[in-house]
2 protein chains.
Amino acid sequence: MRALVNGYGFLGKRVARSLLLGKLPGVRLVAVARSTGYLYRPEGLRAEELGNDLSGSPHFVEGSALVLLEDGKVDLLVELTPTNLPSGEPALTNIRTALSRGIDVVTANKAPIALAYRELKEVARSTGALLLFEGTVGGGIPLISLRRFCLRGDEVLTIRGILNGTTNYILSRMHFEGLTFDLALREAQNLGIAERDPTLDIEGYDTALKLLILANAVMGLDRKLDDVRITGISRISADAVALAKEANMAVKLIGSVDADGRLSVAPRLVKLNDPICVHGTLNAVTIRLKTAGDLTLIGEGAGEPTVTSILNDIWEVVTVRGFGSA
Amino acid sequence: MRALVNGYGFLGKRVARSLLLGKLPGVRLVAVARSTGYLYRPEGLRAEELGNDLSGSPHFVEGSALVLLEDGKVDLLVELTPTNLPSGEPALTNIRTALSRGIDVVTANKAPIALAYRELKEVARSTGALLLFEGTVGGGIPLISLRRFCLRGDEVLTIRGILNGTTNYILSRMHFEGLTFDLALREAQNLGIAERDPTLDIEGYDTALKLLILANAVMGLDRKLDDVRITGISRISADAVALAKEANMAVKLIGSVDADGRLSVAPRLVKLNDPICVHGTLNAVTIRLKTAGDLTLIGEGAGEPTVTSILNDIWEVVTVRGFGSA
């Protein structure tokens, strides 16, 4: 199976290296791409070609890797470009192009799945291609494959959780150290936990995208971003957090799909002994099942753990394709 | 696929009913058995034949259902008899008989898997039969299929958790209400949470069996019950629990497999904000993964939720067999 890893940031580098190390039998890494160009070698790339910056290689080709999809040079697209709103591009076009040609797709980019899940699923169905996206939600917490492989025969009634590590870090610092929102945000930015423009995280949009993916993929709903009521955490005062603490609660940014299928993202009071009341950059999600009751998963919501989710998805492609054309 | 449900207690009744309701396409329930006899109808049992007590039916046959396995009358054994130590019988013989004839097995009985996993796996491999046992550990928490389907490509380094709801209930009552061990145990017995002879739970053997199953099936070790250092909770004093509480900790019965593959079950001090510090009858397990870091799962460890684990295993059999001979 010939793989293209598109996107050469934190995740792209790690996934490419894992594939080169032969961690996934049956997968040959033939191309790695970034926004300005790509490396392509039909017989498989070599570790020494993949430096910190692809464009340093003498074999670096300028231009879009879309041509590799259009020309059928790969069997698997691993799309790891960053989330881009509102367009979802270039990932959306890459994924659509791949699926329409029967090329399997594994992605950790939230935007295309949140914005166009139903359309992409339909394209995938029409060509028989696979579309897997565990890495889009909850980092190393495998919510989507858990639903697919471990809870068959049960029904998901509601979902409720902390899906964004940055806001959870800020709220945790406010809770434990009494910091103001502004101070906690600045600290998170200094540590590289929050971005310089933190809007997507602190205003709740990142949580909303993930919640949307869970609602559609895990609960089988058909919701759009406009259906999510979104309130961020930028107006949470130190006083509000302190009052909650006195009452053995914490303020957390909670994404939830209720029993009537309504989606919301908002700061909520959560009891300190509620299983989802985790701190720091952790994520936590409670899935309420008709028979199994409440099942809670807690783990790191971003970074290195996401590699496990991506590799597991690639493993699934290899399994379904029967270790095919490697 | 012709199924025999063996064991007609809480789980057996619920699983049989789910199969009769057609919750799992491709499965025909042809037999249900209890210790004194069984009902068998090749064309499939009917809901009205399954009362509260099988032996009330005019078609009830006295004797062991083993004959149905020996005569190849079924394709799937769902073994739901209670755990029996030290022999593991009659489940061990039933499962061995089934696997040796190529009959797939789904079980929630801990003893055969804890006592003879390697042998049974070998038999299963030799005939190509499936052996699935999600229901043996953690009730509705799907630890085994999680490892198998959601974390491929990562490595499990350690396992640590609360695997027994009865002892967790007792310790939680001691923690929150200041009860003595004896009082908390009596309360749990009155509520049906603890058995009249609570030895298996409170002396840590139930936790040890489950830990052993996780060590062997999730971490690929080859451990025996003798390899587990076991200390129960019967000598935990109210004072010890109170002292822990003052230090923002709780005493919990923790089963753990450490990085050197050593297994232990013992009361431990756990910080109140540790994700596995759950209360009441909840179970919680943290799996430490090489890449994904700590992943914690929390859920009900027994009762109704176990049905989901059993049905998911049956679903897996149906999937692998391609909805075969239904």
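Above this text is the structure in question.
This section reports on the structure supplied with the text. As the structure is a computational prediction, the values presented were derived from the model and not from experiment.

A separate point is the overall build of chain A. When helices and strands are counted, chain A shows eleven helices and 13 strands. Radius of gyration (C-alpha) of chain A: 20 Å, near the 20 Å computed for a compact globule of 326 residues. Principal axes of the C-alpha set define a box for chain A whose edges measure 65 × 45 × 30 Å. Excluding contacts between residues fewer than 6 apart, the proportion of contacts in chain A whose partners are at least 24 apart in sequence is 69%. Put simply, chain A shows about 13,200 Å² of open surface, and 49% of that area lies on carbon and sulfur atoms.

The subject of this paragraph is the relation of the copies chain A and chain B. Between chain A and chain B, which share one sequence, the superposing operator has a rotation angle of 180° and an axial displacement of 0.0 Å; the RMSD is 0.0 Å. Within this description, the copies of the chain are treated as partners about a two-fold rotation axis. Proximity to the rotation axis, assessed at the C-alpha, singles out L297 of chain A in chain A; its C-alpha lies 2.3 Å from the axis.

Attention now moves to the packing of aromatic side chains. Scanning all chains against the criterion turns up three aromatic pairs over all chains. For the ring pair Y117 of chain A and F133 of chain A, a centre distance of 5.5 Å and an interplane angle of 75° mean the geometry is edge-to-face. Taken as a pair, Y117 of chain A in helix 4 (residues 110–127) and F133 of chain A in the loop between strand 7 (131–132) and helix 5 (143–150) lie far apart in primary sequence, 16 residues in all. Relative accessible area serves as the criterion here: at 14%, Y117 of chain A is assigned to the buried category. Relative accessible area serves as the criterion here: at 5%, F133 of chain A is assigned to the buried category. Aromatic side chains F149 of chain A and F149 of chain B sit 5.1 Å apart centroid to centroid with 20° between the ring planes, which places their arrangement in the stacked category.

A few words on the pairing of strand 2 (residues 28–34) of chain A. Residues and elements named next belong to chain A. Where burial is concerned, most of strand 2 is hidden: five out of the seven residues are buried. Sheet analysis places strand 1 (residues 2–6) next to strand 2, joined by five bridges and oriented parallel. Counted as the bridge partner of A3 is L29 from strand 2. Taken together, strand 1, helix 1 (residues 10–20) and strand 2 form a β-α-β motif whose crossover is right-handed.

Bringing the pairing of strand 5 (residues 76–79) of chain B into the picture now. Residues and elements named next belong to chain B. Of the two faces of strand 5, both are covered, the one formed by L76 and V78 as well as the one formed by L77 and E79. Here strand 5 pairs with strand 6 (residues 104–107) via four bridges, running parallel. Residue pairing for strand 6: L77 is matched across the bridge by V105. With helix 3 (residues 91–100) bridging strand 5 and the parallel strand 6, this β-α-β connection has right-handed handedness.

The rules behind the values
- Residues numbered from 1 in each chain as written.
- Chains lettered and ligands numbered in written order.
- Predicted model: local features only at pLDDT ≥ 70, side-chain atom pairs only at ≥ 80, totals over all residues.
- Heavy atoms only, no water.
- Helix = DSSP H or I, 4+ residues; strand = E, 2+ residues; numbered from the N terminus.
- Rg over C-alpha atoms; globule rule 2.2 N^0.38 Å.
- Contact = heavy atoms within 4.5 Å.
- Areas by Shrake-Rupley, 256 points an atom, 1.4 Å probe, with all protein chains shown as cover.
- Least-squares fit on C-alpha atoms with pLDDT ≥ 70 in both.
- Phe/Tyr/Trp six-rings, centres within 6.5 Å; stacked < 30°, edge-to-face > 60°.
- Buried < 20%, exposed > 50% of the residue type's maximum accessible area, 1.4 Å probe, protein only.
- Pairing = 2+ DSSP bridges.
- Right-handed = clockwise from strand over helix to strand, strands pointing away.

Distances and angles like these do not, on their own, reveal function.
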